[in-house]
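# Understanding the architecture of this molecule
Listed below are the residues making up each chain.
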Number of protein chains: 2
Amino acid sequence: MEDMRISPAVPRGSPAKEQQAAGVGILLQIMMLVLSFVLGHVLRRHRFYYLPEASASLLIGLIVGALANISNTETSIRAWFNFHEEFFFLFLLPPIIFQSGFSLQPKPFFSNFGAIVTFAIFGTFVASVVTGILVYLAGVTYLIYKLPFVECLMFGALISATDPVTVLSIFQELGTDVNLYALVFGESVLNDAMAISLYRTMSLVRSNMSSGQNFFMVVVRFLETFVGSMSAGVGVGFTSALLFKYAGLDIDNLQNLECCLFVLFPYFSYMLAEGLGLSGIVSILFTGIVMKHYSFSNLSDKSQKFVSAFFHLISSLAETFVFIYMGFDIAMEQHSWSHIGFIFFSILFIGIARAANVFSCAYLVNLVRPAHRKIPMKHQKALWYSGLRGAMAFALALQSVHDLPEGHGQTIFTATTAIVVLTVLLIGGSTGTMLEALQVVGDDHDTLGEVSHALSGEELSFDTNNGYRAPTYEGESSSGNRFKMKLKELSKSTASFTAFDKNYLTPFFTSQNGDEDEHDELFGDSRGGGYG
Amino acid sequence: MEDMRISPAVPRGSPAKEQQAAGVGILLQIMMLVLSFVLGHVLRRHRFYYLPEASASLLIGLIVGALANISNTETSIRAWFNFHEEFFFLFLLPPIIFQSGFSLQPKPFFSNFGAIVTFAIFGTFVASVVTGILVYLAGVTYLIYKLPFVECLMFGALISATDPVTVLSIFQELGTDVNLYALVFGESVLNDAMAISLYRTMSLVRSNMSSGQNFFMVVVRFLETFVGSMSAGVGVGFTSALLFKYAGLDIDNLQNLECCLFVLFPYFSYMLAEGLGLSGIVSILFTGIVMKHYSFSNLSDKSQKFVSAFFHLISSLAETFVFIYMGFDIAMEQHSWSHIGFIFFSILFIGIARAANVFSCAYLVNLVRPAHRKIPMKHQKALWYSGLRGAMAFALALQSVHDLPEGHGQTIFTATTAIVVLTVLLIGGSTGTMLEALQVVGDDHDTLGEVSHALSGEELSFDTNNGYRAPTYEGESSSGNRFKMKLKELSKSTASFTAFDKNYLTPFFTSQNGDEDEHDELFGDSRGGGYG
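Residues numbered from 1 in each chain as written. Chains lettered and ligands numbered in written order. Predicted model: local features only at pLDDT ≥ 70, side-chain atom pairs only at ≥ 80, totals over all residues. Heavy atoms only, no water.

The next thing to look at is the interface of chain A and chain B. Every contact between the two is made by 69 residues of chain A and, on the other side, 69 residues of chain B. Between chain A and chain B, the buried area comes to about 6,600 Å², and carbon and sulfur atoms account for 71% of it. Counting across the chain A and chain B interface gives zero salt bridges. Between the two partners, chain A and chain B, sit five residue pairs in polar contact (both at pLDDT 80 or more). Mapped onto the side of chain A that touches chain B, the elements with two or more residues apiece are α1 (15-45), α3 (75-78), α4 (85-102), α11 (255-275), α13 (301-332) and α16 (391-403) of chain A. Ranked by residues supplied to the side of chain A that touches chain B, first place goes to α1(A) with 15 residues. Broken down by class, the residue content of the side of chain A that touches chain B amounts to 42 nonpolar, 15 polar and 12 charged. (Contact = heavy atoms within 4.5 Å. Buried area = accessible area lost by both parts, 1.4 Å probe. Salt bridge = Lys/Arg side-chain N within 4 Å of Asp/Glu carboxyl O. Polar contact = N/O pair within 3.5 Å; in protein donor to acceptor, adjacent residues only side chain to side chain. Helix = DSSP H or I, 4+ residues; strand = E, 2+ residues; numbered from the N terminus. Nonpolar A, V, L, I, M, F, W, Y, C, P; charged D, E, K, R; others polar.)

For the structure on display, the rule yields eight salt bridges over all chains. Across the pair R354(A) and E187(A) runs a salt bridge whose closest N-O atoms are separated by 3.1 Å. Here R354(A) is found in helix α14 (residues 340-368), whereas its partner E187(A) is found in helix α9 (residues 178-207), with 167 residues between them in sequence. Judged by relative accessible area, R354(A) falls into the buried class, the value being 5%. Take E187(A): its relative accessible area is 3%, and that puts it in the buried class. With a shortest N-O distance of 2.8 Å, R44(B) and E53(B) are connected by a salt bridge. For E53(B), a relative accessible area of 22% translates into the label partly exposed. (Buried < 20%, exposed > 50% of the residue type's maximum accessible area, 1.4 Å probe, protein only.)

What follows concerns the nonpolar core. Ranked by internal contacts, the top residues of the largest apolar core, which has 286 residues, are F89(A) and F89(B). Aside from chain neighbours lying at most four places away, what touches F89(B) is Q19(A), P94(B), I196(B), Y270(B), I281(B), M392(B), A395(B), L396(B) and Q399(B). (Core = buried A, V, L, I, M, F, W, Y, C linked by side-chain atoms within 4.5 Å.)

When two helices pack together, their arrangement is given by the angle between their axes and by how far apart the axes lie. All names here are of chain B. In contact at an axis separation of 11 Å, helix α13 (residues 301-332) and helix α17 (residues 408-437) are set at 130° when each is read in the N-to-C sense. By the angle between their directions, the pair α13 and α17 is classed as oblique. When you trace α13 past α17, the crossing you get is left-handed. Taken together, the residues of α17 that come into contact with α13 (itself represented by F323, M326, D329 and I330) are F413, T417, V420, V421 and V424. Here the contact of α13 with α17 is built from residues that sort into seven nonpolar, one polar and one charged. (Axes fitted to C-alpha atoms, helices over the stretch in contact; angles between N-to-C directions. Parallel < 35°, antiparallel > 145°, perpendicular 65-115°, else oblique. Left-handed = near helix turned anticlockwise from the far one by under 90°.)

Related by rotation about an axis and a shift along that axis, the two copies of the chain form a pair. Rotating chain A by 180° about the axis while translating it 0.0 Å along that axis superimposes it on chain B, leaving an RMSD of 0.0 Å. In short, the pair behaves as if placed about a two-fold rotation axis. Ranked by how close their C-alpha atoms come to the rotation axis, the residues of chain A are headed by F306(A), at 3.1 Å. When the interface residues of chain A are mapped onto chain B, 100% of them again lie at the interface, so the same face is used by both copies. (Least-squares fit on C-alpha atoms with pLDDT ≥ 70 in both.)

Right, let's get into helix α2 (residues 53-70) of chain A. All names here are of chain A. Compared with an ideal rise of 1.5 Å per residue, which puts 18 residues at 26 Å, α2 spans 26 Å between its outermost C-alpha atoms and is within 8% of the ideal. Buried within α2 we find A54, S55, A56, S57, L58, I60, G61, L62, G65 and A68. Where α2 terminates, the next one or two residues include N72, which has phi positive at roughly 60°. (Expected span 1.5 Å × (residues − 1).)

It is worth spelling out a nonpolar patch on the surface at this point. All names here are of chain A. Together, F215, V219, L223 and V227 line one region of the surface with nonpolar side chains, adding up to about 370 Å² of accessible area. Secondary-structure assignment places V227 in helix α10 (residues 215-246). You can call V227 partly exposed: its relative accessible area is 44%. (Patch = residues over 30% accessible without salt bridge, like charges linked within 9 Å, V, L, I, M, F, W, Y side chains within 5 Å. Areas by Shrake-Rupley, 256 points an atom, 1.4 Å probe, with all protein chains shown as cover.)

On to the packing of aromatic side chains, then. Counting across every chain of the model gives 58 aromatic pairs over all chains. With 5.9 Å between their ring centres and 85° between their planes, F87(B) and Y325(B) make a pair best called edge-to-face. With F87(B) in helix α4 (residues 85-102) and Y325(B) in helix α13, the pair connects residues that are 238 residues apart, well separated along the chain. Against the face of F296(A) rests K292(A), its NZ or CZ located 5.4 Å from the ring centre. If you follow K292(B) out to its NZ or CZ, it ends over the ring of F102(B), 5.0 Å from the centre. (Phe/Tyr/Trp six-rings, centres within 6.5 Å; stacked < 30°, edge-to-face > 60°. Lys NZ or Arg CZ within 6 Å of the ring centre and 35° of its normal.)

Turning to α11(A), a few remarks are in order. Residues and elements named next belong to chain A. Counted at 1.5 Å a residue, the expected span for α11 with its 21 residues is 30 Å, and the 30 Å between its end C-alpha atoms agrees. Across the 21 residues of α11, 19 count as buried, placing the element largely inside the fold. A positive phi of about 80° marks G277, the residue just after α11.

As a further point, take unusual backbone geometry. Residue and element names in this part refer to chain A. In the Ramachandran plot, Y142 falls in the positive-phi region, its phi being about 60° despite a non-glycine side chain. Relative to the assigned elements, Y142 resides in the loop between α6 (113-140) and α7 (149-159). Residue classification places Y142 among the exposed residues on the basis of a relative accessible area of 71%.

What follows is about the packing of α4(B) against helix α12 (residues 280-293) of chain B. Residue and element names in this part refer to chain B. Here α4 crosses α12 at 35°, and the two axes come no closer than 7 Å. Judged by the twist between their axes, the crossing of α4 over α12 is right-handed. Every residue of α12 that contacts α4 at F89, L93, P94, I97, F98, S100, G101 and F102 is listed here: I281, I284, L285, T287, G288, I289, M291 and K292. When the residues that make up the contact of α4 with α12 are grouped by side-chain class, the tally is 11 nonpolar, four polar and one charged.

Looking at where Q20(A) falls in the secondary structure, it is placed in helix α1. Taking the C-alpha atoms as reference, Q20(A) lies 8.8 Å from I77(A); in sequence the two are 57 residues apart. Other than its neighbours up to four places away in sequence, Q20(A) contacts E274(B), G275(B), L276(B) and G277(B).

Right, let's get into the environment of I324(A). Residue and element names in this part refer to chain A. The residue I324 is located in helix α13 in this model. Sequence spacing of I324 and Q29 is 295 residues, and the spatial spacing of their C-alpha atoms is 8.2 Å. If near-sequence neighbours (up to four positions away) are discounted, I324 is found in contact with M32, L33, S36, S57 and G61.

Next up, the structure:
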């Protein structure tokens, strides 16, 4: 039994010594966390946008890691700083992803639902494939280190996972167009789920290469994962809604029990999906959306306040910790800098791939949208620019070190590391300036007017007092081909979903019956506790 | 770097498989947690005191563990259920101990401070030594398995750590005398710190046996640990109080930052002490007391509500999880049942040792107390009876398996396991009946009268509106020897501490200045969020 315990597999000294090392390690981490919070607060207070909180955390991690490297810290203390994908995926990521689903503003999200899904699903697929093909071609032509095609696609998938933390916190500070915010937010959240599904599918293809699965099977397998995870997440969410509706826990002295159960559900959803071999991230994301929409309103008032603050707190801690942890590990890990060309061209390729993603998807979305709701070019540019890479790419790259043969994984890992550091520090630091240059920030007249105009279009049931209204497409007469019609039908089905939600789901899963005010109030404050 | 990662050291399958196993393992744990909470709630609702929540959790763990044992679960899933002392000491224990300090009711605690310290420090020492000597003597006379004297003392120390969870939750339910409650609560909390300090000191003595340290050095080393840890804890608490007093974080939109920092302080205190080679438990306990007393009142109203609920939630989760985890591990571990006599006599010995502890300490305390405040015999009996053993003893016993030579550690571990299961199930299940038999429960006239009478004696500054009053000892004239005078001086110094607190500490560390009402309200609701 002794041989399978989850403890640092460092050479076992005395337990007291080991516990002391753990103490020092965790103490350092807490100090860095406190430092990050305080520094982030000070920087935000002085409106210094060149070093957002995430960049500051990353830098703190990098600096302390470098110092630890130089000062020859004991390995037993170091062991507490190695980035463990397992720890990341099982304990740090779930609260972050859940919070992003939980803090989602339904209005702009659902009104941009079609566009978000297009960017996140189709766009991420395009970006992954484009990156993969470019890396493969560059390898074939001896421009850079050559990797097999499947591994190129794996790299493409993992590097397509964009990180929303930094950009969104700046968006929130500067006050940008709500539609652009919803696009960036929705894309980056769903895109993680897509990237990880793609990575896993490719990894599976790679290991089953010999058994010759065809492309069709890969697609089926991917859809299975995605749809299965989504169903699991939605199912758990609905279950929790019914539980809190009928268990009668919203009396005063049961607040603790109510909160305990509420807090366990998201994690249950995550682990259920993982246990079934599905994607926990996709699952917990949808659980977050469903729980906020239905279960949350079945809680007592006190518990509502508490769980909002709780998830916000936990996810802030996890987010900040992820960047520190990543910085520290980057400074400590062995990197293979021999393939500097690989890094350089990768950066170029992801820029191209992101452009292929954003501009092609925006073109598709604009085909179907009415004239006044088309995604303007400056929003497309902002979207392209805001694709910085973060912890998800890093964790997947670290996993690829185990998945891929010696050398290949190392090269991918080093390239990803470099891309993460560069994009977080450079893009993170310049987003403010960039957004100002593109004139998509600030509360100026034009932006606000545009927003309210745009909002009046598709978003329906969440604040209308006149019942359900069909969306009006003013640009409808200008074109009539079948493809556009299909897309519009899809868009209509989104609208009819909101009606279905209002008429059937909400009354069934929550204790409110058509009480619009309560509903509005419910979602009104979700912006404050946003993702950042 | 690969060789020192903190991941289950199971034979490394594919990462996906491993993550799936982790998912299943954690999923099972969450399901058991939910089951425990729901079962505990149902049992409490039906006032069924024969199976308190902790016993229910332990049983659930035992049953699921036995099933997993029979069904031959994969080792990679099992690995998630092994009880890891490190995980217990670093992540589960800190919130539980902090909460017990944080939810402490200052009034009855400080009015019984002398008695509590006597029971916890002197009493635990007596109990440890008595148990150790009895086990040693029984070994020498070939009655039971023979252990060296130091190891007997180690066993005595670890088995003297009593667990408050179950008994206190029953006390809270049944509504007992506040003084008895304070005694049991205070003793069991401080006693953990004492037991772990004793265990570590003995462990140190054992490993340095050859270098011939004398008894004096051992005492110095113990005091060093205890006083050092206490100072560290109090220091961190005071630092946090000053930070929250002057940082100006109590404005509305900084609530999250305020809570993040507040939540990090206790853990900081724990890890600081561990990092310095001191006792984190002692440290975090005092940080809890100080933070509740000073820092807490410097928070904004919203944050006060939030952090109270937060610590209550986290500690409930940790407590319940500890019992499940322990039950599961007990069902899974290899036990050496060959020394059944050792188990039987140990149970006898700890009963004797606990009697030596309680009755001798009560005698000492009663010597100095005035006639109306003497600890009545029925309280002493209740105190003796409520000494069930829990997670702390279990974790230390598990550690002893590493610390001690083959066979010795196993014997101690098995005996401790048996004692924990028996005491939790039997004592936990019969406490309600026992308390009723002793007539120390219920809101009957006698109990309440006694309480208010007892309260009027020593407790001073926390609710008096007439300024500081010196304690009045009506029984003073009845005796006059020097020993009793000394004890009384000690008791007076406690009283003068409360005056010092009121006049200097509270104004210095908090933003309130003599606002009695706020102060009263502040501590008034701490009972509701008690330890249980």
